[in-house]
Structures are given as C-alpha cells and as structure tokens.
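Structural characterization, general
Here's the letter readout for the chains.
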Amino acid sequence: MLWTLLLLVAVDIAVVATAAVLLTPWLVPVRNAVAAHLPFGGASARIAWWIAILTPALVAFVWAQLRYTSAQTMAEVDARIVGPDEYPALHERVQRLAQLADLTPPRIAVADADVPNSFAIGTLGGATVVVSEGLLSALDGDELDAVLAHELMHVANRDATVMTLASFLPSLTNGEYDPLADLLPGGSRYALGLVALGFAYVFSARVLAAPFGSLSFTLGFLFLFAVTVLLGSVALGVFTAPVVVLGRSLSRAREFAADRSAAQLTGDPAALVGALETLDSGVDDRPGTDKRSAYAGVRGLCFLPYGFDTAASSDSLAIETRSHPPTTERVERLQSVARSLETGSV
C-alpha cells in the first residue's frame, strides 16, 4: 500500500513537472520576476524556481484529484449524504461496525440505483461509504453487515483514498472526467479559454523572435501552442499507463484483504460469502439499463465489478483502474478464513 501510494505520488510529480516544462515559454516572465528578487543566481536560482513551482502545484494537484474525484463519483451514481434521521438502521449498523474496528465512522451516502452495489471513497478530510438502494433491498441482517464491514476495511486500510487517487488519471484520459466543463459550465469555459489563449499570446513575445502581432509571430505562436497540446496529450497517456497497472495490482490484493478483515471483524465469513453469492448470482436477472452511465471510475471502486449498470459491464472498452478478483476465488478464500476461525488459527 505504501509503495503504491509513493509511486502514485511519483507519477503526479512527473505530471506536474511535465506540465511546468511544457508551459516554460509562457512562464518565462514569471520566472524572471522571481529571479530578480532572489539574493542568489545561477543554478541555485533555477533550483529555487522549480521548487517554488512544483511544491505548491503538486499539493494542489493531489488535493484537487481527491476532492474532484470524490464529488464526481458521487454525482455519477446520484448519491447523496444521508443522516441518521433518514436511514437510522443503516447508520446504526455503520456506527456499530466502526466502533468494533476502532474507526471514526465515515459519512454515509445512498445512491438512487436499483443495482445492488457499494463502494468507499476517501479524501484527505475523511471517507464516505456509498450504498445503493438496490443493496439495501437485496441484503439484510448479517449479510448487509458483512458488506458494510468490507467497505469499512477499505477505509481503515486507506485503500479507499489510494484507489480514489488512482482513478483520476485513467478517467481523465478516457474522457469520463472533464474538470473544466464541470467547474465552468456553459460559455464561461470557452471565455476562460480565450482569456488564457490571449495571455499565452502576449507572453510568447519573450520567446518568439518575430515582431509581436505579425503574421510570422502568430504562426509561430500557433505552432508552439499545438506542439505543447500534442506533447501534453501524449504525456498524459504515458503517465496513465503505470497508474492503471498500479491500481490493478493493488486492487486484487486489497480486495482479498478487505474480505478477510471484514470476516474477522464480524466473526462470520459465511455472511460475506452469502452476500457475494446473492449479489453475483442476481446480476443477470437485474434490469439491463440504468439511468446513469457505468463509468469505469465508479466500477473500479465497487464491491462487485459491474458498478451500477449491469448492461455496460461486459462490453465497455473503458480503462479500469481496478481489476476485481473472481467471486469464486473470493468465496474460496473466505471459506479458508472460516476454517481458520473455527480452529482458532487466525
């Protein structure tokens, strides 16, 4: 888990550094202004410049990934935070299980979906466990406790935060996430783009030798801008590949770990086995469509891999950050945990 988190941060550093390098032609005026106020020059000034740029940019990038991915994932499944007044039994279950796990109870959200599933998302400010109305209808008693315990173990082990972080770049590359469109709906997005393009055009005067405003200057700017966008797109795809691999390699082990920890927490592996078999066997009998799209980022975080739309789980070509182990293998391992609990070897 720690190595995966460090590698994800390393990828984020590479993304931020690449963006800074690609934007260097337009950052020259800012760099010169900063260098003019430094008491030293040469290599020390360049190092100080990169530290000043990369450190806050990296912190902001990680924070934005977690915050945006969490909010976007909730929105994609029409999930809303619910209080104990609306779902008292659900809150009581989560509170009781969190106390058993010595864990601060996470926020609870309910998704308006008939497909039974659940997932946990984590941010720097806490975690949220999301369950669907379909899950609450399909399961009850010990089996529902087992699923909730599974999600709480993802929270306790920091899986939720790491997987939330790992889902951002693949979803961005797939086109599932569009932060600018979400933050700036309507024409304001294009207005901001035109303003940014105007500033870039003006700042290009520091790096282009042609007279400002001339045809040759404009053509040079357009070429520089096109190369920057092209290289940025290629770099994004290159950096996404290791994130997908990291997410998949982590997921298989952590899914088994969450199953095992949940079984130990409740002391009833059979309940989780029953929940897995009930939900997995009922997929083909459920409606083939849902009013939400089955985004890979959402499916990648779920208790079962079909997400919230069973129809899209078999034919989607989207990149997924999480590769769920087969349900049969999860059941076999839980049966092994049950035998260990019976013999007292756990």
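Just so you know, these numbers come straight off a predicted model, no measurement behind them.

Conventions adopted
- Residues numbered from 1 in each chain as written.
- Predicted model: local features only at pLDDT ≥ 70, side-chain atom pairs only at ≥ 80, totals over all residues.
- Heavy atoms only, no water.
- Phe/Tyr/Trp six-rings, centres within 6.5 Å; stacked < 30°, edge-to-face > 60°.
- Lys NZ or Arg CZ within 6 Å of the ring centre and 35° of its normal.
- pLDDT = per-residue confidence, 0-100.
- Helix = DSSP H or I, 4+ residues; strand = E, 2+ residues; numbered from the N terminus.
- Contact = heavy atoms within 4.5 Å.
- Buried < 20%, exposed > 50% of the residue type's maximum accessible area, 1.4 Å probe, protein only.
- UniProt positions renumbered as here; feature names shortened; annotations may be inferred.
- Salt bridge = Lys/Arg side-chain N within 4 Å of Asp/Glu carboxyl O.
- Pairing = 2+ DSSP bridges.
- Axes fitted to C-alpha atoms, helices over the stretch in contact; angles between N-to-C directions.
- Parallel < 35°, antiparallel > 145°, perpendicular 65-115°, else oblique.
- Left-handed = near helix turned anticlockwise from the far one by under 90°.
- Nonpolar A, V, L, I, M, F, W, Y, C, P; charged D, E, K, R; others polar.

Before going further, it helps to spend a moment on the packing of aromatic side chains. Going through the model one piece at a time under the given rule, you end up with 7 aromatic pairs. The rings of Tyr201, Phe212, Phe217, Phe221 and Phe225 are connected pair by pair, giving a single aromatic cluster. Directly above the aromatic system of phenylalanine 256 lies the positively charged group of arginine 333, at a separation of 3.8 Å from the ring centroid.

Quick look at the confidence of the model for the chain now. Detailed reading of the predicted coordinates is not advisable wherever pLDDT falls low. Confidence in the prediction of the chain, expressed as mean pLDDT, is 80, and 80% of residues score 70 or more. Here helix α13 (residues 296–299) stands out as the least confident element of the chain, with mean pLDDT 55; helix α4 (residues 88–100) is the most confident, with 95. A low-confidence stretch, residues 284–296 stays under pLDDT 50, and its non-local contacts, those more than four residues away or across chains, total 32 contacts. Every residue in residues 310–321 is under pLDDT 50, and counting partners more than four places away or in other chains gives 28 contacts.

Its identity is not glycine, yet aspartate 78 carries a phi of approximately 55°, on the positive side. Relative to the assigned elements, aspartate 78 resides in the loop between α3 (42–76) and β1 (79–81). Note on aspartate 78: relative accessible area 37%, which makes it partly exposed.

This next bit is on the side chain of histidine 150. Structurally, histidine 150 is set in helix α6 (residues 141–156). Relative accessible area serves as the criterion here: at 0%, histidine 150 is assigned to the buried category. When near neighbours in sequence (up to four residues on either side) are disregarded, histidine 150 contacts Glu255, Ala258, Asp259, Ala262, Phe303 and Arg330.

The next thing to look at is the UniProt feature "transmembrane region" (unreviewed entry) in the chain. Taken from the UniProt record, the annotation "transmembrane region" (unreviewed entry) applies to residues 43–64, 190–209 and 221–246. The distance from the first to the last C-alpha atom of residues 221–246 is 38 Å, and the span holds 100% helix and 0% strand.

This next bit is on the pattern of salt bridges. For the structure shown, the criterion picks out 9 salt bridges. The partner of arginine 93 in a salt bridge is aspartate 140, and the shortest N-O contact between them spans 2.9 Å. Of this pair, arginine 93 sits in helix α4 while aspartate 140 sits in the loop between α5 (133–138) and α6, placing them 47 residues apart in sequence. Look at arginine 93 and you get buried, because its relative accessible area is 13%. Judged by relative accessible area, which is 56%, aspartate 140 ranks as exposed. Aspartate 259 is the partner of arginine 330 in a salt bridge, and the nearest nitrogen-oxygen pair spans 2.8 Å.

Regular strands show a simple pattern: their side chains alternate between the two faces of the sheet. Counting buried positions along strand β3 (residues 118–123) yields 6 of 6 residues, so the element is predominantly enclosed. Burial along β3 is two-sided: Ser118, Ala120 and Gly122 and Phe119, Ile121 and Thr123, pointing in opposite directions, are all buried. Across 6 bridges, β3 lies against strand β4 (residues 126–132) in antiparallel orientation. Bridge pairing links glycine 122 to alanine 127 in β4. Between the end of β3 and the start of β4, which pair antiparallel, lie 2 residues.

Moving on to the packing of helix α1 (residues 2–22) against helix α7 (residues 159–166). Any two packed helices are characterised by how steeply their axes cross, that is the angle between the axes, and by the distance between the axes. Look at α1 against α7: their axes get within 11 Å of each other, and the N-to-C directions meet at 30°. Overall, the two elements α1 and α7 adopt an arrangement that is roughly parallel. Seen along the crossing, α1 lies across α7 with a hand that is left-handed. For the pair formed by α1 and α7, the contact residues are Thr4, Leu5, Leu8 and Asp12 on the first element and Val162, Leu165 and Ala166 on the second. Looking at side-chain class alone, the contact of α1 with α7 contains 5 nonpolar, 1 polar and 1 charged residues.

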